[in-house]
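Take a look at the letters that make up each chain.
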Amino acid sequence: MDFLETVNRKIEENKAEMISSLSKLISIPSIADEERGRGKKPFGKEVDEAYRWMLEKAVQDGFDTFDARGYGGHIDYDGAEDGVVGVVGHLDVVPEGDGWDFEPFGGEVIDGYICGRGTVDDKGPVMASYYAMKALKECGFEPAKTVRLILGLDEETNWNGMDYYLEHVGDYPDAGFTPDGDFPVIRAEMGILIFDIIKKLPASRGKGIELGSIKGGNAANAVPDFAKAVITDTTGGGYDIFKGMVANCREEKGWKINCRGIGKGFEISVTGKSAHGAKPWLGENAISVLMDFLSGINFLNDGASDFVEFYNKCIGYDLHGENIGCGFEDEASGKLVFNVGKIDVDRNAARLTINVRYPVTMSKEDVYAGIMSVLDGYNIGIVKDREQDPINLDADTDLVKTLMGVYRKHTGDEESQPMVIGGGTYARAMDNIVAFGARFPEEPELGHQKNEKISIDNLMKLTRIYAEAIYELSRAED
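This text gives an overview of the structure that appears in the document. All of these numbers come straight from a predicted model, not from anything done at the bench.

1. Remarks on empty space enclosed by the protein
Enumeration over the complete set of coordinates arrives at 2 cavities of 30 Å³ or more. Taken as a whole, the largest cavity holds about 400 Å³ of empty space. Lining the largest cavity are 29 residues, and of these Asp121, Asp180, His276, Gly423 and Gly424 sit closest to its centre. Secondary-structure elements contributing two or more residues to the lining of the largest cavity are strand 8 (181-182), strand 10 (191-200), strand 18 (349-358) and strand 23 (438-439). In terms of residue class, the lining of the largest cavity is made up of 8 nonpolar, 11 polar and 10 charged. Surrounding the second largest cavity, 17 residues form its lining, Pro95, Asn218, Ala222, Ser274 and His448 being those nearest its centre. When the residues that make up the lining of the second largest cavity are grouped by side-chain class, the tally is 6 nonpolar, 7 polar and 4 charged.

In structure tokens:
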């Protein structure tokens, strides 16, 4: 029997254990929170709990582990020679959001699916990678290069953990993949910028309809599925007018928008549809809908009215930055992607948190210069946060060709070609790493969305694919 057939049989034998392990991991709500982190738990106790659980399991299964003081670590399958093959995943998840049909952190098995936040991004693929290593080990494979499953803990936020891990680990992978993207192979990733657009608002005077606050969104890299505005009415009578406007918008535009009285005013709330910030067209931005609704209202605080007007003119529903001066594109990447992830407006200031994915042939300086050419006219500034340069590997590299061969063998897909995406993965953290799965072509994008789930059939297929990829990348040369 072919050795890899033996490995696949072992993967099947471990199926029930793998499902149970993933369900356990999903049940831990590992949302990274550096504000709550301390000591050896820099991203909070839930992230640390998921991380420690994985390390302890690896030790029980006979692997070596390394811990960089709770900032991240790895699981090693020792090789006989020099060199490291990296499999780079993460255990943190984005906030769950609302509207789920099952418990976001239940880890339930329903109709052939394992359900919950992280099943697709990225706990399910990490578990598939781990059980691929486990099956190879149990079948007696002796890798030439060490196989290293790297566990990141703040991929969805600031990457501080990965930075710390890389500073303390000593040796980097020579090559490898991250199971945190799409198949067949992602050879290039667009540049990423996260920044705030900020405007100070002058104080209002007199009586009238006043914008008290706007809140919306959970994360820069997700399309916000909620937004709400609190409006104060010092004249009386405004509630009935706004209630009628809301009813008209529900009927004529199909918006999920509501109005309710609170204190001396009322609250306008909008429900959108969440999606990954790299693919905002798959969602509905609740902030943009709310700002559209607020357009044309003459607020007592003129600064608020001006900011609403700016938003609708320069951002609105534009997903490619064309209205705000950064509508760039190139042949490899296509158009720049512009996502408004969060909003925070009070009587003193307005703040938008923006996530941009820019083409691989452009620079961050190009993007900022284009945006500032527009913002300068509104006396609005930028506060820069996170910046990640593009990566761009040639399709003819040995790494890409090897992974493409494994993918085609297991799927029979001869049509799909190496891709360029707007998503940001840990492939950016090290040289010669590419994203390899875990979403198959034509599958719906469930990462960062409600009702995230992975089919058990796909989990098994992933494990077989990753086992062969690890085998091919780490075995001794003929």
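2. Considering the layout of surface pockets
Considered as a void within the structure, the largest pocket measures approximately 610 Å³ in volume. In terms of lining, the largest pocket is formed by 22 residues, of which the most central are Thr157, Asn158, Asn218, Ala219 and Lys342. Sorting the residues of the lining of the largest pocket by element identifies strand 10 and strand 19 (381-388) as the ones contributing at least two each. Class assignment for the residues of the lining of the largest pocket results in 8 nonpolar, 5 polar and 9 charged. Computed from the structure, the second largest pocket encloses a volume of approximately 410 Å³. Lining the second largest pocket are 19 residues, and of these Lys145, Glu472, Leu473, Arg475 and Glu477 lie nearest its centre. Of all the secondary-structure elements, those providing two or more residues to the lining of the second largest pocket are strand 3 (84-90), helix 10 (398-411) and helix 11 (456-474). Per element, the largest residue contribution to the lining of the second largest pocket is 3 residues, and it comes from helix 10. Looking at side-chain class alone, the lining of the second largest pocket contains 7 nonpolar, 3 polar and 9 charged residues.

3. Overview of helix 11
The end-to-end C-alpha distance of helix 11 is 27 Å, a good match for the 27 Å that 19 residues give at a rise of 1.5 Å each. Summarising burial for helix 11: 15 of the 19 residues are buried, a large majority.

4. Let's talk about the sheet that holds strand 4 (residues 109-110)
In space, the 3 strands of this open sheet follow the order 4-5-24, with antiparallel pairing throughout. The open sheet has two edge strands with one neighbour each: strand 4 and strand 24 (453-455). Note: strand 4 against strand 5 (residues 113-115), 2 bridges, orientation antiparallel. The residue of strand 5 that forms the bridge with valine 109 is isoleucine 114. Across the sheet, helix 2 (residues 15-26) lies against strand 4, strand 5 and strand 24, angled at about 20 degrees from strand 5, the strand it touches most. Sitting on the sheet, helix 11 is in contact with strand 4, strand 5 and strand 24, with an inclination near 70 degrees to strand 24.

5. Some thoughts on the sheet that holds strand 11 (residues 209-216)
Strand order in this open sheet of 8 strands is 13-14-12-11-17-18-10-19, and the pairing throughout is antiparallel. This sheet does not close on itself; its edge strands, each paired only once, are strand 13 (256-262) and strand 19. Ignoring which end each strand starts from, the neighbouring axes of this sheet average 25 degrees apart. Note: strand 10 against strand 18, 10 bridges, orientation antiparallel. Bridging across to strand 18, lysine 200 finds its partner in alanine 349. Helix 7 (residues 286-294) contacts strand 11, strand 12 (226-233), strand 13, strand 14 (265-271) and strand 17 (337-345) of the sheet and is inclined by roughly 30 degrees relative to strand 12. Helix-sheet contacts for helix 8 (residues 302-314) involve strand 10, strand 11, strand 17 and strand 18, and the interaxial angle to strand 18 is about 15 degrees.

6. Considerations on the packing of helix 4 (residues 123-138) against helix 11
At a minimum axis separation of 8 Å, helix 4 and helix 11 run at an interaxial angle of 55 degrees. Overall, the two elements helix 4 and helix 11 adopt an arrangement that is oblique. Helix 11 is crossed by helix 4, and the crossing has right-handed handedness. Contacts between helix 4 and helix 11 involve Gly124, Pro125, Ala128, Ser129, Tyr131, Ala132, Met133 and Leu136 on the former and, on the latter, Leu459, Leu462, Thr463, Tyr466, Ala467, Ile470 and Tyr471. Tallied by class, the residues present in the contact of helix 4 with helix 11 amount to 12 nonpolar, 3 polar and no charged.

What counts, and where the lines are drawn
- Residues numbered from 1 in each chain as written.
- Predicted model: local features only at pLDDT ≥ 70, side-chain atom pairs only at ≥ 80, totals over all residues.
- Heavy atoms only, no water.
- 1 Å grid on protein atoms, 1.4 Å probe; cavity = no way out; pocket = protein on both sides within 12 Å on 5 of 7 lines; lining within 4 Å.
- Points joined across faces, edges and corners; volume = space filled by probe spheres on them.
- Helix = DSSP H or I, 4+ residues; strand = E, 2+ residues; numbered from the N terminus.
- Nonpolar A, V, L, I, M, F, W, Y, C, P; charged D, E, K, R; others polar.
- Expected span 1.5 Å × (residues − 1).
- Buried < 20%, exposed > 50% of the residue type's maximum accessible area, 1.4 Å probe, protein only.
- Pairing = 2+ DSSP bridges.
- Contact = heavy atoms within 4.5 Å.
- Axes fitted to C-alpha atoms, helices over the stretch in contact; angles between N-to-C directions.
- Parallel < 35°, antiparallel > 145°, perpendicular 65-115°, else oblique.
- Left-handed = near helix turned anticlockwise from the far one by under 90°.

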